[in-house]
Amino acid sequence: GVIDRLPYLAELGINAIEIMPVAEFAGDYSWGYNPAFPFAVTTSYGGREAFRELVTAAHAQGIGVIMDVVYNHFGPQDLSLWQFDGWHVDGKGGIYFYNDWRSKTPWADTRPDYGRLPVRQFIRDNVFMWFEEFGVDGLRWDATNYIRHAHGHDGDPGAAIEAGWQLMQTINAEVQEKLPGKLLIAEDLQNNTAVTLPVAQGGLGFTAQWEAQFVHPIRHAVIAALDEEREITAVSAALTTRDNDNPWSRLLYTESHDEVANGKARVPEEISHGAADNFYAKKRSTLGAALLFTAPGIPMIFQGQEFLEDGWFDDHVPLDWQKAVANAGILCLYRDLIALRRNRYGRTHGLQGPHINVMHVNNDQKVIAYHRWEFGGPGDDVIVVANFSHRPLDGYTIGLPRAGRWCVRFNCDDQTYDASFGGHCCPDVIAAPARDDAHTFDGMPCLGNVTLAPYSALILSQDQA
């Protein structure tokens, strides 16, 4: 079923997919976070050969495959490892599992015993199976905070699991040595920069980690019912936070399987319960998308986000593909953002660069503007301006890095994206030298005026000479 949708994903501009866990689990329906047989691909999805075919087909479309793996616990149902040779303590799991206070996780009383060499080898071999037998391009380790800590947070050092930390270090170091270029992603969510610090420097050696410091402030900024509840300084911090001065260590998102279930819903649904296709849901969810694709880091969207899927994630309810037709303009908006993010037209290279300068934060009028670049200059420098209020702003002045014409490459309010949008047109901006006492505006040598629609973003850049 995924193979059939790969051309659609390629046209959208997606260059990697992350598959939720496919290791054999109890029953036919599951998110996959209850693996019973880590080395088996569930027959419900087609088994090992079907998964190999998916990886091959994805690569043929220029799409990488990232596999979600679960080593913080196993099962708990249908566990062949449970009390494997009959030995156990107090009814716990036996030789593959901790048999003391370290066994307990939020999901099951089945944390593997990372201190046992055969258990470490078991997990190591599973990691290399996905890479060597199936050819995946990366792994996303589920809840690494519960591998390295019994309670999953850094506030209780007495509950740290040193063997879990060492396990991840050892495996990541071996992967990087033998399979350079493979992605190693952690879902740690503790804002711990050591997760992406190289092993040689005492870190865990992951390539990137899911970024809790982005998703929560940005979701709040677009979901909050009242403009005065939107905190632009928090948006600025979400854009600029990074691990170890490495922007590519951050995996950014506004929707994920966790963020749109378990009592929470998709962003449009959170904005307008029961009316996720109304003006405000469309405007503010796409404003969040504009920030996602223009922030330094690795942007990720959740299935159906690009055509305004509503409600919450339920593995018994398939995507409503009719929304891709009904919301074709929103789908086009995502396609345009991805193209700009990937610099497909050679005019927005700065969105692929490491640098960001949030030069304008106006919490009263709810406006933020930031500069993105790698080398600087026409075709590289990119300016993003976002209005988080319901008020249109005409002739709004922002600083710019250089004089001359700044072309509008993207306008969230364009009516080609949705007929209900205002269609506020922002002409190309002519930047002039700043003339205040310091000869700068927003810390920039030049300034210009933009037209900002309600709950909208603009992306500007200059043509190359």
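Residues numbered from 1 in each chain as written. Predicted model: local features only at pLDDT ≥ 70, side-chain atom pairs only at ≥ 80, totals over all residues. Heavy atoms only, no water.

A.B. asks: So what about the overall build of the protein? Which residues, and what values?
C.D. replies: Scanning the protein from terminus to terminus reveals eleven helices and 17 strands. Counting only C-alpha atoms and orienting by the principal axes, one finds that the protein spans roughly 80 × 50 × 40 Å. Relative to its 465 residues, the protein shows a buried fraction of 57%. Counting contacts in the protein only where the partners sit at least 6 residues apart, residues at least 24 apart contribute 66% of the total. Approximately 18,500 Å² of the protein is accessible, and the part contributed by carbon and sulfur atoms is 52%. The average position of the 36 basic charges and that of the 59 acidic charges among the side chains of the protein differ by 3 Å. (Helix = DSSP H or I, 4+ residues; strand = E, 2+ residues; numbered from the N terminus. Buried < 20%, exposed > 50% of the residue type's maximum accessible area, 1.4 Å probe, protein only. Contact = heavy atoms within 4.5 Å. Areas by Shrake-Rupley, 256 points an atom, 1.4 Å probe, with all protein chains shown as cover. Lys, Arg positive; Asp, Glu negative; His and termini not counted. Charge placed at Lys NZ, Arg CZ, Asp CG, Glu CD.)

A.B. asks: With reference to specific residues and values, describe the environment of A281.
C.D. replies: Of note, A281 is situated in helix α9 (residues 279-294). Taking the C-alpha atoms as reference points, A281 and E270, separated by eleven residues in sequence, lie 8.2 Å from one another. Each residue touching A281, except ones within four places of it in the same chain, is listed here: P268, I271, S272, A275 and A276.

A.B. asks: Explain the sheet that holds strand β4 (residues 64-69) to me, and be specific about the residues and the numbers.
C.D. replies: Taking strand neighbours across the sheet as the criterion, the seven strands line up as β1-β4-β5-β6-β7-β8-β9 in an open arrangement whose pairing is parallel. At either margin of the open sheet sits one strand with a lone partner, and together these are β1 (16-19) and β9 (298-299). Where β1 meets β4, four bridges bridge the pair, whose relative direction is parallel. Each bridged residue has a counterpart across the sheet, and for I19 the counterpart in β4 is M67. (Pairing = 2+ DSSP bridges.)

A.B. asks: Just give me the short version of the environment of L79, but keep the residues and values in it.
C.D. replies: When you line up the elements, L79 lands in the loop between β4 and α3 (117-132). A relative accessible area of 11% places L79 in the buried class. Taking the C-alpha atoms as reference, L79 lies 9.6 Å from N34; in sequence the two are 45 residues apart. Setting aside residues no more than four positions away along its own chain, L79 makes contact with P35, A36, F74, F97 and T110.

A.B. asks: Which residues make up the packing of aromatic side chains, and what are the values?
C.D. replies: Counting across every chain of the model gives 24 aromatic pairs. Taking 5.3 Å as the distance between ring centres and 50° as the angle between the ring planes, the aromatic pair formed by F307 and W321 counts as tilted. Of this pair, F307 sits in the loop between β9 and α10 (323-326) while W321 is found in the loop between β9 and α10, placing the two residues 14 residues apart along the sequence. Judged by relative accessible area, which is 0%, F307 ranks as buried. The ring of F128 carries K178 above its face, with NZ or CZ at 5.9 Å from the centroid. (Phe/Tyr/Trp six-rings, centres within 6.5 Å; stacked < 30°, edge-to-face > 60°. Lys NZ or Arg CZ within 6 Å of the ring centre and 35° of its normal.)

A.B. asks: Quick one: what's the story with unusual backbone geometry, residue by residue and with numbers?
C.D. replies: Outside of glycine, negative phi angles account for most residues, and trans bonds account for most peptide bonds. A cis amide bond links G75 with the next residue in sequence, P76, at an omega value of 20°. Within the secondary structure, P76 is located in the loop between β4 and α3. We note that D78 has phi near 55°; this positive angle belongs to a residue other than glycine. Counting through the fold element by element, D78 comes out in the loop between β4 and α3.

A.B. asks: Residues and numbers for the packing of helix α6 (residues 212-223) against helix α7 (residues 232-240), please.
C.D. replies: Relative to each other, α6 and α7 sit at 150°, their axes nearing to 9 Å. Here α6 is positioned roughly antiparallel relative to α7, judged by the angle of their axes. Note that α6 runs across α7; the crossing there is left-handed. Across the interface between the two elements, Q213, F214, P217, I218 and A221 from α6 touch A234, V235, A238 and L239 from α7. Its residues placed into classes, the contact of α6 with α7 shows eight nonpolar, one polar and no charged. (Axes fitted to C-alpha atoms, helices over the stretch in contact; angles between N-to-C directions. Parallel < 35°, antiparallel > 145°, perpendicular 65-115°, else oblique. Left-handed = near helix turned anticlockwise from the far one by under 90°. Nonpolar A, V, L, I, M, F, W, Y, C, P; charged D, E, K, R; others polar.)

A.B. asks: Lay out the pattern of salt bridges with the relevant residues and their values.
C.D. replies: Pairs can form between side chains of opposite charge whenever their charged atoms are close. Taken as a whole and judged by the stated rule, the model has 29 salt bridges. Ionic pairing is found between R124 and D125, a salt bridge with its closest N-O pair at 2.9 Å. We classify R124 as buried; its relative accessible area is 18%. Members of the salt-bridge network, linked through shared partners, are E18, D68, R140, D142 and E187. (Salt bridge = Lys/Arg side-chain N within 4 Å of Asp/Glu carboxyl O.)

A.B. asks: Describe the pairing of strand β17 (residues 456-461), listing the residues and the values that go with them.
C.D. replies: Taken across its six residues, β17 has six buried, putting it largely inside the fold. Here β17 shows a buried face lined by S456, L458 and L460 and a second buried face lined by A457, I459 and S461. With six bridges joining them, strand β12 (residues 382-387) and β17 adopt antiparallel strand pairing. Residue pairing for β17: I383 is matched across the bridge by L460.

A.B. asks: So what about α7? Which residues, and what values?
C.D. replies: Those residues of α7 not exposed but buried are I232, V235, S236, A238 and L239. Buried residues in α7, looked at end-on, bunch into an arc of 160°, giving them a common side. Structurally, α7 contributes buried residues whose contacts are with α6, β8 (250-252), α9, β10 (355-362) and β11 (367-373). (Arc of directions from axis to C-beta.)

A.B. asks: Could you give an account of the packing of α6 against α9, with specific residues and numbers?
C.D. replies: To describe two helices that pack against each other, one gives the angle between their axes and the distance between the axes. Relative orientation of the contacting elements α6 and α9 amounts to 150°, with a least axis distance of 9 Å. The orientation of α6 with respect to α9, classified from their angle, is roughly antiparallel. With respect to the hand of their crossing, α6 and α9 are arranged in right-handed fashion. Residues F214, I218, V222 and I223 of α6 pack against R284, G288, L291 and L292 of α9. For the contact of α6 with α9, the residue count by class is six nonpolar, one polar and one charged.

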